[in-house]
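Per-entry structural report
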Amino acid sequence: MATTAAPPASPARAGISETEWEARLELASCYRVFDHLGWTELIYNHITLRVPGEDQAFLINPFGLHFSEVTASNLVKIDIDGNKLDDSPYPVNVAGFVQHSAFHRHLPGAHCIMHTHSTAGSAVASLEEGLSLSNFYAGQLAGKIAYHDFEGVTVRGEEGGRLLANLGDKRLMILRNHGLLAMGRTVPEAFLRLWVLQRACEIQVAAASMGPLRTIPADVLAVHQRDIGKIAPDYVMGTAEFAAMVRLVDRRDPSWRS
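Residues numbered from 1 in each chain as written. Predicted model: local features only at pLDDT ≥ 70, side-chain atom pairs only at ≥ 80, totals over all residues. Heavy atoms only, no water.

Note on placement: G96 falls in helix 2 (residues 94–106). Considered as a pair, G96 and R214 are 118 residues apart in the sequence and their alpha carbons are 36 Å apart. (Helix = DSSP H or I, 4+ residues; strand = E, 2+ residues; numbered from the N terminus.)

Here the phi dihedral of L42 falls at roughly 55 degrees; this positive angle occurs in a residue that is not glycine. Here L42 falls in the exposed class, since its relative accessible area comes to 65%. Of note, the phi angle at N45 is positive, near 75 degrees, even though the residue is not glycine. Checked against the element boundaries, N45 lands in the loop between helix 1 (18–37) and strand 1 (46–50). (Buried < 20%, exposed > 50% of the residue type's maximum accessible area, 1.4 Å probe, protein only.)

This paragraph deals with the pairing of strand 2 (residues 57–60). Side chains A57 and L59 project from strand 2 onto one buried face, and the interleaved F58 and I60 project onto a second face that is buried too. In the sheet, strand 1 pairs with strand 2 via two bridges, with the strands oriented antiparallel. Bridge pairing in strand 2 places L49 opposite L59. The hairpin turn running from strand 1 into strand 2, its antiparallel successor, is six residues long, and G53 in that turn takes a positive phi close to 85 degrees. Where strand 2 lies against strand 3 (residues 76–79), four bridges are found, and the strand directions are antiparallel. (Pairing = 2+ DSSP bridges.)

To continue, consider empty space enclosed by the protein. Empty space among the atoms becomes apparent when a probe as large as a water molecule is rolled across them. Enumeration according to the criterion identifies one cavity of 30 Å³ or more in this entry. The space that makes up the largest cavity amounts to roughly 40 Å³. Every residue along the wall of the largest cavity is listed here: Q99, H148, D149, F150, E151, G152, T154, E159, L163, L175 and H178. Considered class by class, the residues forming the lining of the largest cavity number three nonpolar, five polar and three charged. (1 Å grid on protein atoms, 1.4 Å probe; cavity = no way out; pocket = protein on both sides within 12 Å on 5 of 7 lines; lining within 4 Å. Points joined across faces, edges and corners; volume = space filled by probe spheres on them. Nonpolar A, V, L, I, M, F, W, Y, C, P; charged D, E, K, R; others polar.)

This part is about the state of the cysteines. Chemically, a disulfide is nothing more than a covalent bond linking the sulfur atoms of two cysteines. A complete count under the given rule lists zero disulfides for this structure. There is no disulfide at C30, and the cysteine sulfur nearest it, in C112, is 6.0 Å away. Residue C30 is classed as buried on the basis of its relative accessible area of 0%. (Disulfide = S-S within 2.5 Å.)

As a further point, take the confidence of the model for the protein chain. Here the protein chain averages 91 in pLDDT, and 93% of its residues register 70 or above. Counting contacts from residues 1–9, a segment whose pLDDT is below 50, to residues more than four positions away or on other chains yields zero contacts. (pLDDT = per-residue confidence, 0-100. Contact = heavy atoms within 4.5 Å.)

For the rest of this paragraph, the subject is the side chain of H46. Secondary-structure assignment places H46 in strand 1. Residues in contact with H46, not counting those within four places in the same chain, are Y31, I60, N61, F67, N93, A95, G96, Q99, H100, I113, M114 and H115.

The next subject is a nonpolar patch on the surface. Together, V94, V153 and V155 make up a nonpolar patch on the protein surface, roughly 260 Å² of accessible area in all. Within the secondary structure, V155 is located in the loop between strand 5 (145–148) and helix 5 (159–167). (Patch = residues over 30% accessible without salt bridge, like charges linked within 9 Å, V, L, I, M, F, W, Y side chains within 5 Å. Areas by Shrake-Rupley, 256 points an atom, 1.4 Å probe, with all protein chains shown as cover. Salt bridge = Lys/Arg side-chain N within 4 Å of Asp/Glu carboxyl O.)

On to the sheet that holds strand 6 (residues 172–175). Pairing within the open sheet is mixed, and its seven strands lie in the order 3-2-1-4-7-6-5. Each of the sheet's edge strands pairs with one partner strand only, and the pair in question is strand 3 and strand 5. Averaged over all adjacent pairs, the angle separating strand axes in this sheet is 20 degrees, with direction ignored. Sheet strands touched by helix 1: strand 1, strand 2, strand 3 and strand 4 (112–116). Its angle to strand 1, the strand with the most contacts, is close to 160 degrees. Contacts from helix 6 (residues 187–208) reach strand 1, strand 4, strand 5, strand 6 and strand 7 (179–184) within the one sheet, and its direction differs from that of strand 7 by about 150 degrees. (Axes fitted to C-alpha atoms, helices over the stretch in contact; angles between N-to-C directions.)

What follows is the structure in structure tokens.
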């Protein structure tokens, strides 16, 4: 029986398993989604993803590139301590992974972690009260957000214990005077969590500029959270939303696939 030879491997994929390549594609697309949404801060901020099947290996953006320049092949593979596991010519943002490694190391379900300094997110993080339960999106997050006091730029590993203690059983955190943090079992799950928190912050900032905020009553919050959970099963959280955003950025510029 005649056989068809497999096409030659792309140089960018040499030595990379199919599983890791799929993870690279998903993470690279996420960086482009962030860029499309304006969740960028020059070359700073970060999204990390555990490599499937390799508990101590992670992917992170190449430090020095804008999110719009991230591709599947230029993501940097690192270990739990931030040491490079590949021959990438790019460095790794130490502050970026010191913070994330604390969660990746101790939380089995924290496969993807996202951190942003969006204007609305950082503004709400700078308020004494933090997020106000006064809009549709904030109402979804009642009792689901942790807070961590600002200790300066995150480059000291000893802060990790306090980050974990303050996170507790939550998977969203407002870093006071700093920004937002979200994590999840998958990229789509972490993305949707962050998107909801970001929208809540944007609406709060806009509404506060017009007058006093109207807090949602506790009994209404309970009903709102109960019913919002009926939209999609927990195990597919964010899948459709993230896929829609990836299709959008793919039409705009598919270079992230390289």
